[in-house]
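# Tertiary structure, described
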Amino acid sequence: MRASLLQVAVNEDEPVESRRRRVAALVRDQAGADLVVLPELWTTGAFAYEGFGAEAEPLQGPTYEAMAKAASEAGVWLHAGSVPERDPDGTLYNTSLVFSSSGELAASYRKIHRFGFDKGEAVLMGAGEELVTVRLPDTVVGVATCYDLRFPELFRGLVDAGAETFVVPAGWPERRRAHWTLLARARAVENQAFVLACGTAGTHAGVPQAGHSVVVDPWGEVLAEAGPGEEILTVDFDPATVAGTRDRFPALKDRVLGLDRPRR
């Protein structure tokens, strides 16, 4: 299976519509890949809180339309990162969109863990409530977003729902880049799953981004890692490795806590 992670540079001097067109062209250029992944809030910038309201769009808004068309034209499954979604009731959500290779919406995920410690995203956006998995032809993808990476119980839930590959778009800051790689490897090892973590480059509202998108295998080995700038990270991996790893080293079968078991 071939995945291409598009580490898009998000800078405030590029209009949102121009970036949307540019990214759609990048997606179309990935024809031949099985899965293409975009970062979190690449239309606005994950730290550009003041623009969330102005740039928010309905689920089937301009980003949805552009990405659905690009996925169909390239013939790829596309995790289109996330957008600031405005629900009909007015609530904003940090919502990820996943399209099939025919351009159909396969899933959407509203980010459960909002970042900001009582400011920014944490107060401007509503929290999602549902875990989301997507069945691709060769693997079951569990969907998470950025700050979710710090909450291992979410990934355990995705494993219980059948996930073999985690896709994590992010707008992770450079000052905590060491955590980014560490947590991506930890989620891979403890769940014996692939992790495809796609971050942004550039600067969001004065916050330099980490870049360094990374693909990790079920043993925690880094298969590929990007640098700090805009880059396309392409990697071939074998989803069957997940079943093989879980069979040879069946740690998940020894789980005790967090399981729904009858009390004695």
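Residues numbered from 1 in each chain as written. Predicted model: local features only at pLDDT ≥ 70, side-chain atom pairs only at ≥ 80, totals over all residues. Heavy atoms only, no water.

- Identification of the protein as Carbon-nitrogen family hydrolase from Streptomyces werraensis is taken from an unreviewed UniProt entry.
- Listed under Sequence similarities (unreviewed entry) in UniProt, the entry text for the protein is "Belongs to the carbon-nitrogen hydrolase superfamily. NIT1/NIT2 family." (UniProt positions renumbered as here; feature names shortened; annotations may be inferred.)

## With respect to the overall build of the protein
- Summing up its helical and strand segments, the protein has 7 helices and 15 strands in all.
- Projected onto its principal axes, the C-alpha coordinates of the protein cover approximately 55 × 40 × 35 Å.
- Relative to its 264 residues, the protein shows a buried fraction of 56%.
- Considering only contacts within the protein whose residues lie at least 6 apart along the sequence, 67% involve residues at least 24 apart.
- Of the accessible surface of the protein, which amounts to about 11,500 Å², a share of 50% is contributed by carbon and sulfur atoms.
- Positive and negative charge centroids in the protein, built from 27 and 37 side chains respectively, lie 5 Å apart. (Helix = DSSP H or I, 4+ residues; strand = E, 2+ residues; numbered from the N terminus. Buried < 20%, exposed > 50% of the residue type's maximum accessible area, 1.4 Å probe, protein only. Contact = heavy atoms within 4.5 Å. Areas by Shrake-Rupley, 256 points an atom, 1.4 Å probe, with all protein chains shown as cover. Lys, Arg positive; Asp, Glu negative; His and termini not counted. Charge placed at Lys NZ, Arg CZ, Asp CG, Glu CD.)

## Quick look at helix 1 (residues 16-28)
- Under the 1.5 Å per step criterion, the end-to-end length of helix 1 is 18 Å for 13 residues, consistent within 8% with the ideal 18 Å.
- Of the positions making up helix 1, those classed as buried are Val 16, Arg 19, Arg 20, Val 23, Ala 24, Leu 26 and Val 27. Projection of helix 1 onto a plane perpendicular to its axis shows the buried side chains occupying an angular sector of 160°, all on one side. (Expected span 1.5 Å × (residues − 1). Arc of directions from axis to C-beta.)

## Some details on the packing of helix 5 (residues 152-160) against helix 6 (residues 177-191)
- The contact between helix 5 and helix 6 brings their axes to 11 Å, and the two run at 40°. Taken together, the axes of helix 5 and helix 6 are oblique relative to one another. Between helix 5 and helix 6 the crossing geometry is right-handed. Note on element contacts: helix 6 touches helix 5 through Arg 187, Glu 190 and Asn 191, opposite Pro 152, Phe 155, Arg 156 and Val 159. (Axes fitted to C-alpha atoms, helices over the stretch in contact; angles between N-to-C directions. Parallel < 35°, antiparallel > 145°, perpendicular 65-115°, else oblique. Left-handed = near helix turned anticlockwise from the far one by under 90°.)

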